[in-house]
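Structural description and commentary
The primary structure of each chain is shown beneath.
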Amino acid sequence: MGQNLILNMNDHGFVVTAYNRTVEKVDEFLQKGAKGTNIVGAHSLKELVDSLKKPRRVMMLVKAGSAVDDFISQLEPLLEEGDIIIDGGNSEYQDTQRRTKTLAQKGLLFVGSGVSGGEEGARYGPSLMPGGNPKAWPYIKNIFQSIAAKADGEPCCDWVGEDGAGHFVKMVHNGIEYGDMQLICEAYHLMKSALNMNNKEMGLAFDEWNKGELDSFLIEITRNILQFKDNDEEYLVEKIRDAAGQKGTGKWTAFPHWIMVFRSH
């Protein structure tokens, strides 16, 4: 997603510096995906920071949790008052609240932004949900709204609110998406186990649903997954282990509701 966001920004006329702690990935990116562009490579955080215009805007996409704090601690001494750090990962919104306040005391502007749309969305138009220190918004607004997806000509991006608001919205966004996925799984289970429908029949059912009120990306890709065959002409979905992982946002969305249920009793 990081590389695709960089390419997206380049397409919209912004000069971007790419950095990865595995510097070989930077060189490979410049030689392949970013070849012929105005994208600049950096082999250290200092080189990255030195290449940026003030106020510097540094966007990171790293795993939520301690990795974000570790990156900030390395970056912070290299920045100056008014510089901006943007966390584009799925951080817990209370962590974003803490980071916004802590960095504000040091003169740095922190933004926690939800990024939706996956790798393809990052490349051609994500939905962006920025929140944090409002002083940062005027300096990133043009970039974010330029690269965002458009609906009826309007960018799928606007300032959500202060502190952890951006990541809170992304958390709820993901929680709703996980709920939709659970409904799809239950529909699949009923069709397969109760109605004894085969993959072709289930794929056709999802195809019909995608033509009506249920028209959506999740219904569309479920149809495609059910109908996809491997090289041996067997349905690929039957060969995939029946297990799923998650990044935390689904549990974070549900947890406050459990607290409310316990309190109501």
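Scroll up to find the structure this text is about.
This one's a predicted model, so the numbers in the text were calculated from it and none came from an experiment.

Criteria and thresholds
Residues numbered from 1 in each chain as written. Predicted model: local features only at pLDDT ≥ 70, side-chain atom pairs only at ≥ 80, totals over all residues. Heavy atoms only, no water. 1 Å grid on protein atoms, 1.4 Å probe; cavity = no way out; pocket = protein on both sides within 12 Å on 5 of 7 lines; lining within 4 Å. Points joined across faces, edges and corners; volume = space filled by probe spheres on them. Helix = DSSP H or I, 4+ residues; strand = E, 2+ residues; numbered from the N terminus. Nonpolar A, V, L, I, M, F, W, Y, C, P; charged D, E, K, R; others polar. Buried < 20%, exposed > 50% of the residue type's maximum accessible area, 1.4 Å probe, protein only. Contact = heavy atoms within 4.5 Å. Polar contact = N/O pair within 3.5 Å; in protein donor to acceptor, adjacent residues only side chain to side chain. Patch = residues over 30% accessible without salt bridge, like charges linked within 9 Å, V, L, I, M, F, W, Y side chains within 5 Å. Areas by Shrake-Rupley, 256 points an atom, 1.4 Å probe, with all protein chains shown as cover. Salt bridge = Lys/Arg side-chain N within 4 Å of Asp/Glu carboxyl O. Phe/Tyr/Trp six-rings, centres within 6.5 Å; stacked < 30°, edge-to-face > 60°.

1. Regarding the layout of surface pockets
Roughly 1500 Å³ of volume is contained in the largest pocket. Those elements that place two or more of their residues in the lining of the largest pocket are helix H1 (2-11), strand S1 (17-19), helix H2 (23-31), helix H3 (45-50), strand S3 (57-60), helix H4 (66-75) and helix H7 (137-147). Top element by residues in the lining of the largest pocket is H7. It accounts for seven residues. Its residues assigned to classes, the lining of the largest pocket shows 29 nonpolar, eight polar and eight charged.

2. Digging into the environment of Lys 150
Here Lys 150 lies in strand S7 (residues 150-151). Overall, the relative accessible area of 45% leaves Lys 150 in the partly exposed class. Setting aside residues no more than four positions away along its own chain, Lys 150 makes contact with Gln 145, Pro 155 and Cys 156. Side-chain polar atoms of Lys 150 contact the backbone oxygen of Ser 146, separated by 3.1 Å. A polar contact is formed between the side chain of Lys 150 and the backbone oxygen of Ala 148, at a distance of 2.7 Å.

3. Quick word on a nonpolar patch on the surface
Together, Val 160, Phe 168 and Val 169 give the surface a local cluster of nonpolar side chains, amounting to about 200 Å² of exposed area. With relative accessibility at 36%, the residue Phe 168 sits in the partly exposed group.

4. Regarding the packing of aromatic side chains
Taken as a whole, this structure holds three aromatic pairs when the rule is applied. Ring centres 4.9 Å apart and planes at 90° place the aromatic pair Tyr 93 and Phe 168 in the edge-to-face group. One end of the pair, Tyr 93, is in helix H5 (residues 93-104); the other, Phe 168, is in helix H8 (residues 165-194), with 75 residues separating them in the sequence. Ring plane angle 70° and centroid distance 4.9 Å describe the contact between Phe 206 and Trp 209, whose orientation is recorded as edge-to-face. One end of the pair is Phe 206 and the other is Trp 209, both in helix H9 (residues 199-209) and three residues apart, which spans about a single turn. Residue classification places Phe 206 among the buried residues on the basis of a relative accessible area of 1%. On the basis of relative accessible area, Trp 209 is assigned to the partly exposed category, the value being 33%.

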